[in-house]
Amino acid sequence: PSQKRTINTKAKLSLPVIGTIAAIFLMSVLGILYYTILNSNDTQFTSNKVISSKPIVLLSQIEVSGLSENQSFIGEGLTKYVASSLSKYKSIRLLPSSVSEIAKNDSLSNEEILDQYQVKLLINPTLQGFGSNGRLTIEILDLEKNVVLLSSTKKIQLTDPLIAQENIGSQILNELKMNVMNQTAQLRK
C-alpha cells in the first residue's frame, strides 16, 4: 500500500499556552503602568524627598586657616573623623560629605540647602591656627527655624598634629553629643 505521509509544519498553539502568554503580557503592561504612575505621583507630591522622623544633618567641611605646612593635614582628615563618629548615632541621618562639597562649590545658601536636601541641622566647624595654638569654633544651625542652636569656641594645642586632630574631633563630638543630640528630641516635635 502506498500511502503518502504528510508532515504537519503548522504548529498549533493550544489554548493554555496562548492564555499563559496573554497573562504574562498583560501583567507586564500593568506592572509598567503601575510603576510609571507610582513614580510620577511620588515625584509630583514629594519632589523626591525622603520622609523620615530622624533629623537630617549636614557636616560642612572643616575650614582651616593659619596652619603651618606640617599642620595643614589636620583639617583634611578631621571632617572624615567627625563624620565617621556622627554616623554611628542612630537618632540622626548624616548626609554624605559629597553633599557638603556640592553645597560649597555651588555656593548654596542655607535656604537652598534646606530646600534641596531637607537638612534640619547644619554643622559649621572652623579651625584657626596660631603657631602651636589653635581655636576651634563650632556653629550648629537649625535651618528650618533659621536660628543658631550652638556657637562654641575652644582653645586647643597643635604641638602634635595627630593628637591635635583627635582632640579637635573629640571636642566637636562632645559638643554635638551634649547639645545636638538633646535637641533632636525637640526637633521631632
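We now turn to the structure provided with this report. (Residues numbered from 1 in each chain as written. Predicted model: local features only at pLDDT ≥ 70, side-chain atom pairs only at ≥ 80, totals over all residues. Heavy atoms only, no water.)

## Considering the overall build of the chain
Looking only at helices and strands, the chain has 5 helices and 6 strands in total. In the chain, buried positions account for 29% of the 189 residues. (Helix = DSSP H or I, 4+ residues; strand = E, 2+ residues; numbered from the N terminus. Buried < 20%, exposed > 50% of the residue type's maximum accessible area, 1.4 Å probe, protein only.)

## Some remarks on the pairing of strand E6 (residues 147–157)
Looking at chain direction, strand E5 (residues 133–142) and E6 are connected through 10 bridges and run antiparallel. Counterpart to Gly 134 in the pairing with E6 is Ile 156. Count of turn residues in the E5/E6 antiparallel hairpin: 4 residues, of which Asn 146 carries a positive phi of about 55 degrees. (Pairing = 2+ DSSP bridges.)

## Let's talk about the nonpolar core
The biggest cluster of nonpolar side chains holds 20 residues, and the ones touching the most others in it are Ile 74, Leu 86, Ile 123, Leu 127, Ile 140, Leu 158 and Ile 168. At the level of secondary structure, the elements contributing two or more residues to this core comprise strand E1 (56–59), helix H2 (73–86), strand E4 (121–130), E5, E6 and helix H5 (161–187). (Core = buried A, V, L, I, M, F, W, Y, C linked by side-chain atoms within 4.5 Å.)

## Structural notes on the environment of Val 119
Topologically, Val 119 is positioned in the loop between helix H4 (110–117) and E4. With 23 residues separating them along the chain, Val 119 and Asp 142 place their C-alpha atoms 8.6 Å apart. When residues no more than four places from it in sequence are discounted, the contact partners of Val 119 are Ile 56, Leu 58, Leu 95, Ile 113, Leu 114 and Leu 143. (Contact = heavy atoms within 4.5 Å.)

Bear in mind that shape data such as this cannot, by itself, settle questions of function.
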